[in-house]
Amino acid sequence: MTAAADAVAREADRLTELDSAIGDSDHGGNMRRGFEAVREELGEEVPATPGAVLMTAGRKLVSTVGGASGPLYGTLLRRAGKALGSAERVSREELAGALRTGIDAVAQLGGAVAGDKTMLDALFPAVEALADSGGKDFEAARTAAEQGAEETVPLQARKGRASYLGERSIGHQDPGATSAALLVAALAEADTAVEPEGDADGTGSAQGGSGGSE
Ligand SMILES: [Mg+2]
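What you see is a predicted model, and the numbers here were worked out from it, not measured in a lab.

Undergrad: Which parts of the structure should I look at to understand the UniProt feature "domain: DhaL" (unreviewed entry) in the protein chain?
TA: UniProt's feature table lists "domain: DhaL" (unreviewed entry) at residues 1-189, given in the numbering used throughout. Across residues 1-189, helical content stands at 69% and strand content at 0%; the span's end C-alpha atoms are separated by 11 Å.

Undergrad: Honestly, the packing of helix H1 (residues 2-22) against helix H2 (residues 27-44) in this entry has me stumped. Any pointers?
TA: Between two packed helices, what matters for the description is the angle formed by their axes and the separation of those axes. Between H1 and H2, whose axes approach to 7 Å, the crossing angle comes to 165°. In terms of axis orientation, H1 runs roughly antiparallel to H2. Between H1 and H2 lies a crossing whose hand is left-handed. In this structure, H1 contributes Thr2, Ala4, Ala5, Val8, Ala9, Ala12, Asp13, Leu15, Thr16 and Asp19 to the contact, and H2 contributes His27, Gly28, Gly29, Met31, Arg32, Phe35, Glu36, Val38 and Arg39. Among the residues making up the contact of H1 with H2, the classes are represented as nine nonpolar, five polar and five charged.

Undergrad: Please clarify how the environment of Thr64 should be interpreted in this entry.
TA: Within the secondary structure, Thr64 is located in helix H3 (residues 50-64). Expressed as a C-alpha distance, the spacing of Thr64 and Val38, which sit 26 residues apart in the sequence, is 9.1 Å. Those residues in contact with Thr64, other than ones at most four positions away along the chain, are Arg33, Gly34, Ala37 and Gly70.

Undergrad: Looking at this structure, how should I read the environment of Ala185?
TA: Here Ala185 is to be found in helix H8 (residues 175-193). A residue is classified by how many C-beta atoms lie within 10 Å of it, and Ala185, with 23 of them, is buried. Through-space distance from the C-alpha of Ala185 to that of Lys60 is 21 Å; in sequence the pair is 125 residues apart.

Undergrad: Where do I start with the nonpolar core in this structure?
TA: Nonpolar side chains in soluble globular proteins tend to be buried together. In terms of nonpolar packing, the biggest core is built from 54 residues, with Ala122, Leu123, Ala126, Ala145, Ala180 and Val184 touching the most fellow members. Mapped by element, the contributors of at least two residues to this core are H1, H2, H3, helix H4 (69-84), helix H5 (92-110), helix H6 (120-132), helix H7 (138-150) and H8. When residues in this core are grouped by element, the largest group, 10 residues, is from H8. When sequence neighbours within four positions are dropped, the list of residues in contact with Ala180 reads Met119, Ala122, Leu123, Ala145 and Ala149.

Parameters and conventions
Residues numbered from 1 in each chain as written. Predicted model: local features only at pLDDT ≥ 70, side-chain atom pairs only at ≥ 80, totals over all residues. UniProt positions renumbered as here; feature names shortened; annotations may be inferred. Helix = DSSP H or I, 4+ residues; strand = E, 2+ residues; numbered from the N terminus. Axes fitted to C-alpha atoms, helices over the stretch in contact; angles between N-to-C directions. Parallel < 35°, antiparallel > 145°, perpendicular 65-115°, else oblique. Left-handed = near helix turned anticlockwise from the far one by under 90°. Contact = placed C-beta atoms within 7 Å. Nonpolar A, V, L, I, M, F, W, Y, C, P; charged D, E, K, R; others polar. Buried ≥ 20, exposed ≤ 12 C-beta atoms within 10 Å, placed from the backbone. Core = buried A, V, L, I, M, F, W, Y, C linked by C-beta atoms within 7 Å.

In C-alpha cells form, the structure reads like this:
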C-alpha cells in the first residue's frame with residue numbers, strides 16, 4: 001500500500017493529463033487523495049492480518065476517492081481482503097487468487113468486459129500472467145498490466161465517462177487502465193522487496209517469487 005501510494009503520488013499529474021483527454025481531469029487528484037488517506041490510516045494502526053490491511057484500505061478508498069474509481073478500487077481491495085480471510089500470513093499464490101476474486105468483483109460491479117477501455121484491460125492481463133506462473137510471478141503481472149494499459153490507446157471506450165465521447169475516445173490511453181497498471185507495478189515492487197523465508201535447509205531462493213511461501 002505504501003508503494004502504491006508512492007506510485008500514485010509520483011504519477012498523479014500524468015493520470016490527470018490522461019483523464020483530461022477523455023474524462024473530467026480528476027483521476028490523478030482523486031487517486032492521490034485516496035491513497036494518501038490509506039497511507040495515513042495504515043500508519044496509525046497496522047491491521048493484524050494481510051486481509052484486514054486490504055479491507056481497511058478498500059474501505060478508505062471508497063470513502064475518499066470520488067468518481068467511479070473509489071467504489072471500483074475499493075471493491076477490488078475489500079473483496080481480495082475478504083478472500084484472504086483471517087490468515088496471519090499468506091503465500092503469493094493465495095494473494096494472486098484473492099486478487100482474481102477482487103478483480104472479478106470489479107468486473108461484475110462495473111459491468112465491463114475486456115476491451116471496453118477500462119481498468120480491467122490492465123487488470124485481466126495481470127491476473128492471467130499470475131495464473132500462468134502458478135500465482136508467483138508478480139513481475140510478469142506488471143509487464144502484462146503495462147502492456148494492457150498501452151493497448152487501450154486504439155480502443156473505443158464502451159464503459160464509463162469516456163464512452164460518452166464515442167469514437168473520439170480512440171487514440172488515448174485509458175486513465176483507469178493506467179492507474180491499475182501503476183498499482184500492479186507497486187505490487188511487483190513490494191514483492192521484490194520481500195525477503196523470502198528461507199526453507200529449513202536454507203534453499204529459499206531470493207527475489208522473483210520463485211521460491212519461499214511468503
Ligand atoms: Mg475522472
